[in-house]
Structures are given as C-alpha cells and as structure tokens.
Amino acid sequence: MEKTAASNFLETIIAEDIAAGRVQTVVTRFPPEPNGYLHLGHAKSICVNFGLAERFGGRCNLRFDDTNPEKESQEFIDSIQADVRWLGYTWDGEVRFASSYFQQLYDWAVYLVEQGHAYVCDLNAEQAREYRGTLTEPGRNSPHRDRDVAQNLDLLARMKAGEFAEGEKVLRAKIDMASPNMNMRDPILYRIRKVAHHQTGSDWVIYPTYDFAHGQEDAIEGVTHSICTLEFEDHRPLYDWFIAHLPLASRPRQYEFGRLNPSYTVTSKRKLKQLVDDAVVAGWDDPRMPTIAGMRRRGYTPSAIRKFCQMIGTTRSDGVVDVAMLEFAIREDLNENAPRAMCVLNPLKVVLTDYPEGKVEKLAAASHPSRTDLGERMLPFTRELYIDADDFREEANKKYKRLVLGKRVRLRNAYVIEAVDVVKDPSGAVLEVHARTIPDTIGNDPADGIKPKGVIQWVSATEGRQATVRLYDRLFNHESPDKGERDFMTHINPASLQVVQGAWIEPSLCNALPEQGFQFEREGYFVADRLDHSEQAPVFNRTIGLRDSWAEHGGSGE
RNA sequence: UGGGGUGUCGCCAAGCGGCAAGGCACCAGGUUUUGAUCCUGGCAUUCGGAGGUUCGAAUCCUCCCACCCCAGCCA
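Everything numeric here is computed off the predicted structure, so don't read it as measured data.

Reading guide: rules and limits
- Residues numbered from 1 in each chain as written.
- Chains lettered and ligands numbered in written order.
- Predicted model: local features only at pLDDT ≥ 70, side-chain atom pairs only at ≥ 80, totals over all residues.
- Heavy atoms only, no water.
- Axes fitted to C-alpha atoms, helices over the stretch in contact; angles between N-to-C directions.
- Helix = DSSP H or I, 4+ residues; strand = E, 2+ residues; numbered from the N terminus.
- Left-handed = near helix turned anticlockwise from the far one by under 90°.
- Contact = heavy atoms within 4.5 Å.
- Nonpolar A, V, L, I, M, F, W, Y, C, P; charged D, E, K, R; others polar.
- Salt bridge = Lys/Arg side-chain N within 4 Å of Asp/Glu carboxyl O.
- Buried < 20%, exposed > 50% of the residue type's maximum accessible area, 1.4 Å probe, protein only.
- Pairing = 2+ DSSP bridges.

J.: Talk me through the packing of helix 1 (residues 9–19) against helix 2 (residues 40–55); I want residue IDs and the actual numbers.
T.: Contact pair helix 1 / helix 2: the axes reach a minimum separation of 11 Å and the direction vectors enclose 40 degrees. The chirality of how helix 1 crosses helix 2 is right-handed. Facing Leu10, Glu11 and Ile14 of helix 1, the residues of helix 2 in contact are Val48, Leu52 and Arg55. Broken down by class, the residue content of the contact of helix 1 with helix 2 amounts to four nonpolar, no polar and two charged.

This is the structure in structure tokens:
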C-alpha cells in the first residue's frame, strides 16, 4: 500500500489505526438499501469504500441493508450488483444481506430487554411524536417505559409471533428522553410490518430499524471502518451505544464524509423516481439520468467515473461539484481511447463534378491521431458525398474555416476540394454544392500553394450508411434544480434530447459493437446504444460533445 | 432559542505554527488534415469576520457571522 503525497482524512485515520495496531486488516462495506437504482452519489461511496479497502490491502463487502421490505425489491438487488461490477469492483465473498442476520438481531434485542435496556412501548406513531419533544424541548418518558423484564420479554415474543397489529407496539431502547440528540430519545428498535420480505418471505412480521441494525451488521461482518454520509453523524452516538451494550466480538467505528451534489442534476431517489414515473425520461437507464445505468448507456466509462470520484476528493464539507469535472473526466478518457470515425448529422450533398461516376477509392485513415495500436479503417471516396450543412457557406469572413463558395477545404483523411457552384431550390435554399477535387492532395498540400481553409468531415453518399443519432444534453437547465422555491421539475431542459434520424455514417461504423465508444470527429464522443444498436439499424448516443471554442465564442452565429 | 457539523480562488481541494499545492473552469499565446488533443503562460499579498497569543498564524485562543443536518414505527 504505497502512499502518495495527498491523502484524505479517512486514509489518515486508517493509516493511524494500522500503525497503532488497532486494526490488522481493513474491512469496509458498501451498504445500499435495494429500493432504487444506484446513482453518481453512490458511485462516490462505492469508490470511497472499495478504494480504501484496495489501497490498504483490505476487503470490502457488498451488503444490502434490507430492513424495510415495503420499499425494496429484487429488481434493485440485481441492478445494484450489476452496477457495482460494471464500475469495476469486486466485493469480498458472497453478497451479504442484513436480512440474513434477522435472527441474531432479534436475539440481541432480547438481550437488551433482559439487561433492562429496552422495552415494548404501546404508544402509536402520533403519540410517540408528542412524547419525543422538539429540537428545543426535552421529551417525556413513555408510560410503558418501566414495564418489567418478564413482561417486556413476553410482549416482544408476541410481537414476533404476530399477535399485534402494525403500529400497535414497538420495541424501544431505554436511553434518555431528554437528550439534546433526538436519536437518543428512546429510539425504536423494532416495528411491526406484516408484509412479505423479498429475502425472508413471511418469516418475520417485525423488522429492525436502520439504527438497531447497521452497527451490528458491521460488527457481524468484522467491518472496521463503517463509512457513511454526513447526515448520519447524529446517529453515531446511538451506533456506539448499541455496540457498547451488546456482547459483540468486534468494534466497528463509524466515519462520515460529505455526499456528492453534482450541479445541473438531482440525485434524490424520490426525484429520480418521479422523472421515471412521469415519463420525463425513458427509464432508470435513460442516458440523461445520473444513475450508473444511465451513465453507462450514455457512454460514460467506469474508469472516467472512478477518475471523477478521485478528482473531487473525500472530505467532510458539503458543496456542489461542477458537472464540468465529470465531463472533463469522460472527455479525457475517450480522447485517449476512443477510435475516431466520421458522421454527418445535418447532411448537405456535395457533387465532385470532376470525379468519375461509379468510381470508389478506398482511402486508409488512422483510427486515432496518436494511438497507432488502434489501427486504421478504409473510407470509400466517391463522386457524391455528404458534408454537414453548417460546414458550407456561400460567403463568409476569414474566420470561418470551412467550405465557402469559390474556396477550398480539406476533406478529413481525403482530398482538398474547391466549391465551384451551388444548386438551389426555388425558395433559395441550398440543395447541393458542386465542387472539384484538387489533384494529388491526399497527404499533400495543393501543388499550387493555395492551402485549404480548414478540415471538415464527410461521408460517401453512395457507400455511406444511415443511422439514428441521439443528441443528449443536460436534463436540467438550472445549476441546482433542487434548491429554491420552484419545483425541480420546472427546471427540466426541454432540449435534453434531440433525435437525428438521417445521420450519415462511414460504413465501418456498422461494425460497432453495442457499448463501443467513438469520437465522431469535430462532433463529440458517441456510443453505440447497448440495447438498440444493430448493424442493420445503427443507433448512437452522444456521450459528450467536443470542447468547442468556436461555438463558445459565438462563431456559429455570424 | 437545543444538539451535531462545515467555512482556503467561480467550483472541488492540499495545508495541521515558518511565510497559500493541485485539478476543473476561465483568459492569452504556440502546434495541429478534428475550431479537438497537445504545449506554454496567466489566474487567492490571502485563507468567513473581528480581536488576541507568537519573532512568525490559514494553521493556537476568544467572540461573532453564514450555511448544512436532526423532531420517520425511512435509510
């Protein structure tokens, strides 16, 4: 475990624990509740937990914290495992379930009752709230707080046996109703829920709460560092209380870090679910969703997401991270690794009037400007081509580095051409451009010394293929859609998806495998959709556009 | 008005008494058959504020301010 210069506070703590002999092997865990899809915030937690274990040569468990069957399902258990694996992490041993510890947890509850540290309370939810007090006023003891052990034991057993209705009774810890920490005001350990559990079926009608379960789950698994987000900080005294009052073999410690808040997005499960339920997006894996499944479909790579999590660091402060950092991470990865290809999104026909009809030249083009190991592909060059309509103007100033009537441009990986004429329809719209090829300009500048103004992509009109290209943009047009008075749904970006049906792609792109990423030169990074793409009907999703200093400076507007 | 936290460049973030790393973003140049990449340079005399301790403070002390979390039988 080599240490680099900068280390975050968790690494410091662990290094000290190891140095002091308090810990031999670091054990962490990623403990999602299977009640939704994992998102970018979870990705950070996954990177933190698995990353720490990796760095210190320890282990990390994947444990489903499935203590609330009403909200959970197998669908989420499956998707979560797939997402963690896809991110590139391997959990220690088998997947764990809090539910597999239910009997042990129950036995410990009995133990607490026997020790006089827990009691059965008959207050209903509303009454319990009244007795709890407020942030500034202490609570009052429940009238059932002093039941004797035998009676509590009997009542608890009957709760377990299903003799009481939901909400009729709960098991509570006997701590301190006057504590300034609300979590210590006789917290609930068990509640009655007469619903089947996705793992334990109808075995149980009482289920432990998060507080009574989490620390003990950690102890059972030998977790040394139980890492969670800041909002659980107030729960730490309770976490420690259970550990101190139960006969446990190990002593896990809880540490908290600031959760990730990416700009221009939402990450609350409730809001993500609303986007799905209201059909604002096509599903949990819609490429605009900040879910792992969505980002995957969008073309983000595991290494880019991991890089991003590393970039943002792990601290105890909570702030908003600019999504530009995520975008940087994915561009960096794809720039390095994605093969280049050509695609014309908004086709304009170019006829090379001096080029023989029916002739097809096969031009070799490198798949990457610096990665020779990525090889090359063949581009068929023909008399009729498509270029992007934005790449042609009848007249333009010298800053416009594309094709202009009477001027020259380099066709990427092919000839320099010169626009000689333009064909228009009665309304004056440009139908096609007639051009001539400048001889011997493959790999060479024109012999006459008149250099082209720029380089543009193209696709053979006769040899190229057509594809569906989905242009995705951010889902929200507000930096913090969560914040402020207005409902987050009012900040939806109406132009977050634009579908281009008739894009032209170079033929080699038909061989793309689902989930394979490319850079469509001068356009951006695209990925073959993992579900909808096929050789016969190619479908590409735009992962992220290229940086565009031309557009940023208003160039396209003039 | 209770308790728990956090405040270092537009954003993230090092720093832990010795004189403000780095990344993102941005700006200015250079290279370029991607207006991409790449390269070079710029970008906090100042660390939420005010006092104090010290030869010396972002780092120690005091007070103040701002923001976040907690009153689910959710996690």
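J.: A description of the pattern of salt bridges should follow, citing residues and the corresponding values.
T.: Considering all chains together, one arrives at 41 salt bridges under this definition. Taking the shortest distance from any N to any O, the salt bridge between lysine 271 and aspartate 482 comes out at 2.8 Å. On the criterion of sequence distance, the pair formed by lysine 271 in helix 9 (residues 269–277) and aspartate 482 in the loop between strand 25 (465–472) and strand 26 (497–505) is long-range, its members being 211 residues apart. Put simply, arginine 402 and aspartate 391 hold a salt bridge, and the shortest N to O gap is 3.1 Å. Residue arginine 402 is located in the loop between strand 18 (392–393) and strand 19 (403–404), and its partner aspartate 391 is located in the loop between strand 17 (384–388) and strand 18; the two are separated by eleven residues in the primary sequence. The same class applies to arginine 402 as to aspartate 391, namely buried. By sharing partners, the salt bridges in this structure join Asp285, Arg297, Arg470, Asp529 and Asp532 into a single network.

J.: Before we move on, could you go through the pairing of strand 28 (residues 524–528) and cite the residues and values that matter?
T.: Burial analysis of strand 28 places five of its five residues in the buried class, the great majority of the element. Sheet topology note: the strand 27 (residues 517–520)/strand 28 ladder contains four bridges and is antiparallel. Its bridge partner being in strand 28, phenylalanine 518 is matched across the sheet by phenylalanine 526. For strand 28 and strand 29 (residues 539–545), the ladder comprises five bridges, and the chain directions are antiparallel.

J.: Give a description of the environment of glutamine 127 that names residues and reports values.
T.: Residue placement: glutamine 127 occurs in helix 5 (residues 125–132). Judged by its relative accessible area of 32%, glutamine 127 is partly exposed. For the pair glutamine 127 and serine 142, spaced 15 residues apart in the sequence, the C-alpha separation amounts to 9.3 Å.

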